[in-house]
Structures are given as C-alpha cells and as structure tokens.
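# Architecture at a glance
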Amino acid sequence: MGQYFSNEKLKSNRKQYDTQVLGHHFSFYTDNGVFCKDYLDFGTRVLLENLPFSELGESVLDVGCGYGVIGIVISKIVGCSVDMIDVNLRAIHLAKMNAKENEIDNVHIFESNCYRNVEKKYTSIITNPPIRAGKKVVYEIVFGAKDHLLEDGKLFLVIRKDQGAKSLINDLQKLYNVEVLKRDKGFFVIKCSL
Ligand SMILES: C[S@@+](CC[C@H](N)C(=O)[O-])C[C@H]1O[C@@H](n2cnc3c(N)ncnc32)[C@H](O)[C@@H]1O
C-alpha cells in the first residue's frame, strides 16, 4: 500500500531503467514507494501497445500516473498535451524528472486525489488504476472520468482478470459503451465511450 500514498519518510533508493515502447526508447527514474519500481509493468505495456493513438484527441489525462510512463509515452508518440495526476508526491516528483529526462515538455504533472484538483475536461482519460487502493478509489476514478471527459471523450483502462475485470466491465456498461480492445495473459484493455 505504501506506493499509493505520500511517503516522503520512506528511505529513498533512486534507480533508473531503460526500455523500449512501440519502437521508442525511454529512460525512467524510479524509487522506493512507487508502483513497479524495477521495470515497466506488464499491464501498462499491454495498455500502451493497444491504445488507438489516433483516437486520443488533443488533450489527455493520465490518472494515477506513478513515475509517468503512460503520459510520457503518449506525449512522445502523439505529441498532444497530457496532464498527469497522482496522489503520491514522490511519484509526482519522479514523473517530472522523467518528463525532462525523456525530453517531453507538453505535460502538466500535479498532485490530485482522484479528480479533486482537476479542473479541465479532456478528449481522453487513461488509467492503470490503483487496484490495491480499493474498489472505492478505483470506481471513483473510472466513473468520475465521465465528468472530466469532453463530448465524445473516451476512457481507456487496463485491469487483470483476477483483479475483477469481468465485474468491472459489467458495472462500466451501466454508464459507458464498453469495448474490450485486447486480452493478453489475463489483462483486459478496455475502451469506454460516452
Ligand atoms: C497501478 S499504479 C499505475 C502507475 C503508472 N500509471 C503505471 O502504469 O506504471 C496506480 C497509481 O495510482 C496512484 N493512486 C492511488 N490512489 C490514488 C488516488 N486516490 N488518486 C490518484 N492516484 C492514485 C498510485 O499512487 C499509483 O501510482
């Protein structure tokens, strides 16, 4: 759970890893107390590799950005403006460092518990949601997205079968048109349209 909260007290052990996503090279600083500090999460990779980039539009919000992988990759590939939020201040700090490290300047990274500090609406919201933070937070993120999407906006997310993908899809269908874009090793990449 430590990775989901502000954790300045947790001893720092900054690291850096390099990876390729969709043929582009990226380098990420990570640290103790952030999600997936040693490598690019497989669910995040499946989400990124199956995102319909041409549908994202000109303004994207990455919810629960961690140290910044999703927003940074999207900004590099699409060149659109990306806002990135997380509740974890250490993750926010790393995401800002990583934007610089990967020469991304079209991003705005700020602390927010779910959408509390989010004032804008977006063409797309993307999330690898914080399952371990509990259902209430996950539902606040995926259902709250509706109020931060422009008309025709879309929410994209990834969730694992054994984390409750099927029941989440059932619930999402009550509010959105839901399409499963990809199933890979138990991970579902889901597109929700208004
Ligand atoms: C599964 S991780 C994904 C991190 C990153 N997007 C990635 O794909 O590597 C979920 C992220 O959600 C953040 N988070 C947890 N609770 C949150 C909340 N209430 N509001 C915003 N972000 C939250 C965590 O700090 C964590 O960075």
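See the structure above.
Residues numbered from 1 in each chain as written. Predicted model: local features only at pLDDT ≥ 70, side-chain atom pairs only at ≥ 80, totals over all residues.

### Brief notes about the overall build of the protein
The cut-off we apply is this: Here a helix means four or more residues in a row that DSSP labels H or I, a strand means two or more in a row labelled E, and each is numbered from the N terminus. For this measure, only C-alpha atoms enter the radius of gyration; the expected value for a globule follows 2.2 Å times N^0.38, where N is the number of residues. We call a residue exposed when 12 or fewer other C-beta atoms sit within 10 Å of its C-beta, buried when the count reaches 20 or more, and partly exposed for counts in between; the C-beta positions come from the backbone.
Scanning the protein from terminus to terminus reveals five helices and nine strands. When its helices and strands are written in sequence order, the protein yields β-β-α-β-α-β-α-β-β-α-β-α-β-β. Its C-alpha atoms give the protein a radius of gyration of 15 Å, within 12% of the compact-globule value 16 Å for 194 residues. The buried share of the protein, reckoned over its 194 residues, is 40%.

### Some details on unusual backbone geometry
Positive phi outside glycine occurs at E103, with the angle close to 55°. Take E103: it is sitting in the loop between helix 3 (89-101) and strand 5 (107-111). You can call E103 exposed: it has 9 C-beta atoms within 10 Å. Of note in this structure, K185 is not a glycine but carries a positive phi near 50°. Its place among the elements puts K185 in the loop between strand 8 (177-184) and strand 9 (187-193). Owing to 9 C-beta atoms within 10 Å, K185 belongs among the exposed residues under this scheme.

### Brief notes about the site of the ligand
Cut-off, in case you're wondering: Nearness here is judged by the C-beta atom: place it from the backbone, and if it falls within 6 Å of a molecule or strand, the residue counts as near that partner. Any residue that is not Ala, Val, Leu, Ile, Met, Phe, Trp, Tyr, Cys, Pro, Asp, Glu, Lys or Arg is counted as polar, Gly included; the first ten are nonpolar and the last four charged.
T44, G64, G66, N88 and P130 are the nearest of the 22 residues found near the ligand. The set of elements that each furnish at least two residues to the shell around the ligand consists of helix 2 (69-78) and strand 4 (81-86). Each residue belonging to the shell around the ligand can be placed in one class, and the counts come to 13 nonpolar, seven polar and two charged.

### Side note on the pairing of strand 7 (residues 149-160)
Our working rule: Two strands make a pair as long as DSSP finds a minimum of two bridges between them. Crossovers are described as right-handed under a simple rule: with the strands pointing away from the observer, the path leading from the first strand over the helix to the second runs clockwise.
Relative to strand 7, strand 6 (residues 122-127) runs parallel, the two sharing five bridges. Bridging from a neighbouring strand, T127 pairs with L157 of strand 7. The handedness of the strand 6 to strand 7 crossover, carried by helix 4 (residues 135-144), is right-handed. As judged from the seven bridges shared by strand 7 and strand 9, these two strands associate in the antiparallel manner. Paired with I159 across the two strands is F188, which belongs to strand 9.

### A word on helix 1 (residues 42-49)
The test is simple: Think of it this way: build a C-beta for each residue from its backbone, and any pair within 7 Å is a contact.
Burial analysis of helix 1 places six of its eight residues in the buried class, which makes it a mostly covered element. Residues of helix 1 that are buried: G43, T44, R45, V46, L47 and L48. The elements touched by buried residues of helix 1 are strand 1 (15-21), helix 2, strand 7, strand 8 and strand 9.

### Brief notes about the sheet that holds strand 3 (residues 59-63)
Convention followed: Fitting a line to C-alpha atoms yields each axis, with helices limited to the stretch in contact; the angle taken between N-to-C directions then spans 0 to 180 degrees.
Strand order in this open sheet of seven strands is 5-4-3-6-7-9-8, and the pairing throughout is mixed. The strands lining the two open edges of the sheet, one partner per strand, are strand 5 and strand 8. Here the average twist between neighbouring strands, direction ignored, is 15°. Sheet topology places strand 4 next to strand 5; five bridges connect them, and they run parallel. Following the sheet pairing, D83 is matched in strand 5 by H108.

### Here we look at the pairing of strand 3
Of all five residues that make up strand 3, four are buried, and the element is covered over most of its length. Note that strand 3 and strand 4 share five bridges and pair parallel. Among the inter-strand pairings, D62 is bridged to a residue of strand 4, identified as M84. Read as a crossover between parallel neighbours, the route from strand 3 over helix 2 to strand 4 is right-handed. Direction of pairing for strand 3 relative to strand 6: parallel, over a ladder of four bridges. Following the sheet pairing, D62 is matched in strand 6 by I126.

### A short note on the environment of L150
Relative to the assigned elements, L150 resides in strand 7. When the C-alpha atoms of L150 and T123 are compared, they prove to be 5.5 Å apart, with 27 residues separating the residues in sequence. Not counting residues within four places of it along the chain, the set of residues in contact with L150 comprises K121, Y122 and T123.

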